[in-house]
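Listed below, chain by chain, are the residues.
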Amino acid sequence: MSDSFLLHEKLREAAQAYSRKIAVEINEHGTYRSYTYIQFYTASRQVASWLRVQGLKKGDRAAIILENCPEWGMIYFGILAAGGVAVPIDHQLKEQEIRLILDDAQASFVFLSARQAGVLQLDPSCKTVSVGATGGASSGVPFSEITGAAGVEEFISGTAPDDLASIIYTSGTVARPKGVMLSHANFAANYLSIERMRMVLPDDVVLSVLPLHHAYPFMINLLVPLFCGVKVVYLSELKPEEL
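All values reported here derive from a predicted model rather than from experimental measurement.

With that settled, the discussion passes to the packing of aromatic side chains. What the rule picks out here adds up to 13 aromatic pairs. Here F40 and F77 contribute two aromatic rings whose centre-to-centre distance is 6.3 Å and whose plane-to-plane angle is 75°, an arrangement assigned as edge-to-face. In this pair, F40 sits in helix α2 (residues 37-53) while F77 sits in helix α3 (residues 70-81), placing the two residues 37 residues apart along the sequence. A relative accessible area of 1% means that F40 is categorised as buried. An aromatic cluster is present here, built from F5, F40, W72, Y76, F77, F187, Y191, F218 and F227 joined pairwise through their rings. Directly above the aromatic system of F5 lies the positively charged group of K10, at a separation of 5.2 Å from the ring centroid.

Relative placement of two packed helices is described by the angle separating their axes and the distance separating the axes. Two numbers describe how helix α1 (residues 7-17) lies on α3: the axes approach to 8 Å, and their chain directions differ by 120°. By the criterion of interaxial angle, the relationship of α1 to α3 is oblique. Across the interface between the two elements, L7, H8 and L11 from α1 touch Y76, F77, L80 and A81 from α3. Of the residues assigned to the contact of α1 with α3, the class counts are six nonpolar, one polar and no charged.

Topologically, R61 is positioned in strand β3 (residues 61-65). One buried charge, R61, has no salt-bridge partner; the nearest side chain with opposite charge is D60, at 6.8 Å. Among the polar contacts made by the side chain of R61, one reaches the main-chain carbonyl oxygen of A105 at a distance of 3.1 Å. Sequence-distant contacts of R61, defined by excluding residues within four places in its chain, comprise V85, V87, A105, Q106, A107, S108, F109, L164, I167 and M181.

Before going further, it helps to spend a moment on the packing of α1 against helix α7 (residues 184-195). Between α1 and α7, whose axes approach to 9 Å, the crossing angle comes to 45°. One finds that α1 runs oblique with respect to α7. Contacts between α1 and α7 involve L7, H8 and K10 on the former and, on the latter, H184, F187, A188 and Y191. Of the residues assigned to the contact of α1 with α7, the class counts are four nonpolar, two polar and one charged.

This next bit is on α7. The end-to-end C-alpha separation of α7 is 16 Å, in line with the 16 Å expected for twelve residues at 1.5 Å each. Three or more residues of α7 are buried, namely H184, A185, F187, A188, Y191, L192, I194 and E195. Taken together, the buried residues of α7 touch α1, α3, β8 (164-169), β9 (179-183) and α8 (215-227). In this structure S183 caps α7, since a side-chain oxygen of it lies 3.3 Å from the backbone nitrogen of A185.

Before going further, it helps to spend a moment on the pattern of salt bridges. One pass over the structure, following the stated rule, counts seven salt bridges. Measuring nitrogen to oxygen at the nearest pair gives 2.7 Å for the salt bridge that ties R12 to E9. Of this pair, R12 and E9 are both found in helix α1, three residues apart, which corresponds to roughly one turn of the helix. Here D163 ties to K58 by a salt bridge, and the two come within 3.2 Å at their closest N and O atoms. Taken as a pair, D163 in the loop between α6 (143-147) and β8 and K58 in the loop between α2 and β3 lie far apart in primary sequence, 105 residues in all. Owing to a relative accessible area of 46%, K58 belongs among the partly exposed residues under this scheme. Where salt bridges share partners, they join E28, R33 and E71 into one cluster.

Ranked by size, the top nonpolar core spans 59 residues in total, and within it L7, Y76, F77, F111 and F187 carry the most contacts. If we ignore the near neighbours within four places in the chain, the residues touching F77 are L7, H8, L11, F40, S44, L222, L223, L226 and F227. In terms of nonpolar packing, the next biggest core, distinct from the first, is built from 17 residues, L102, A105, L112 and Y169 among them.

This brings us to α2. Over its 17 residues, α2 runs 24 Å from end to end, which matches the ideal 24 Å to within 8%, given 1.5 Å per residue. Here α2 lies mainly inside the structure; twelve of its 17 residues are buried. Within α2, burial applies to Y37, F40, Y41, A43, S44, R45, Q46, V47, A48, S49, W50 and L51. In the stretch just after α2, G55 is the one whose phi turns positive, near 105°.

Parameters and conventions
Residues numbered from 1 in each chain as written. Predicted model: local features only at pLDDT ≥ 70, side-chain atom pairs only at ≥ 80, totals over all residues. Heavy atoms only, no water. Phe/Tyr/Trp six-rings, centres within 6.5 Å; stacked < 30°, edge-to-face > 60°. Helix = DSSP H or I, 4+ residues; strand = E, 2+ residues; numbered from the N terminus. Buried < 20%, exposed > 50% of the residue type's maximum accessible area, 1.4 Å probe, protein only. Lys NZ or Arg CZ within 6 Å of the ring centre and 35° of its normal. Axes fitted to C-alpha atoms, helices over the stretch in contact; angles between N-to-C directions. Parallel < 35°, antiparallel > 145°, perpendicular 65-115°, else oblique. Contact = heavy atoms within 4.5 Å. Nonpolar A, V, L, I, M, F, W, Y, C, P; charged D, E, K, R; others polar. Lys, Arg positive; Asp, Glu negative; His and termini not counted. Salt bridge = Lys/Arg side-chain N within 4 Å of Asp/Glu carboxyl O. Polar contact = N/O pair within 3.5 Å; in protein donor to acceptor, adjacent residues only side chain to side chain. Expected span 1.5 Å × (residues − 1). Core = buried A, V, L, I, M, F, W, Y, C linked by side-chain atoms within 4.5 Å.

Here's what the structure looks like:
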């Protein structure tokens, strides 16, 4: 097995191996919304196609400001497949803190919830996509419009394993947040060290609770499960009855 790979290509392999198996689902007040591996992968490619049409070029930054949900991963892998760099941001940060990170990362695209889209005042030059939006100038492009598009553009991103995959920002507890630059190869090495221990099996189910904008849950609750054919479950609310 190669010690390095592209994260979105690894997802493609998983989608081929586990195409009809449930990849992710979310419990929305007792009702489950599920996506198979092939549906999840197809959605990520639709995101990638949209980004390319909108002008994203290799190395451009796209921010994700979302709570844990199936769309988080679709967007992340879509950004990478388009040749971009993902910038996960804590959706609970104050507006000024979010704007500082967006400016520092030079993000040209922002994916966020419909609720946030109606509150955050972002740079007009940023192209905004809102998850859960039904339309309207203030909420940006609805995510459903992207995943509902017919066909997926085929293209070569030109990305290499040593290219950036993510810029993860520190909490900024005692100073201004700083971006940690991580490549596809960095994440691949971390994943392979876990995969070799056979700690995760395809019949397992992972409950994703910790926020995905942090490096640890991103690896343990997203990359490792999906690459190993495991189902990931999200909660709409962290309440005892939901658990």
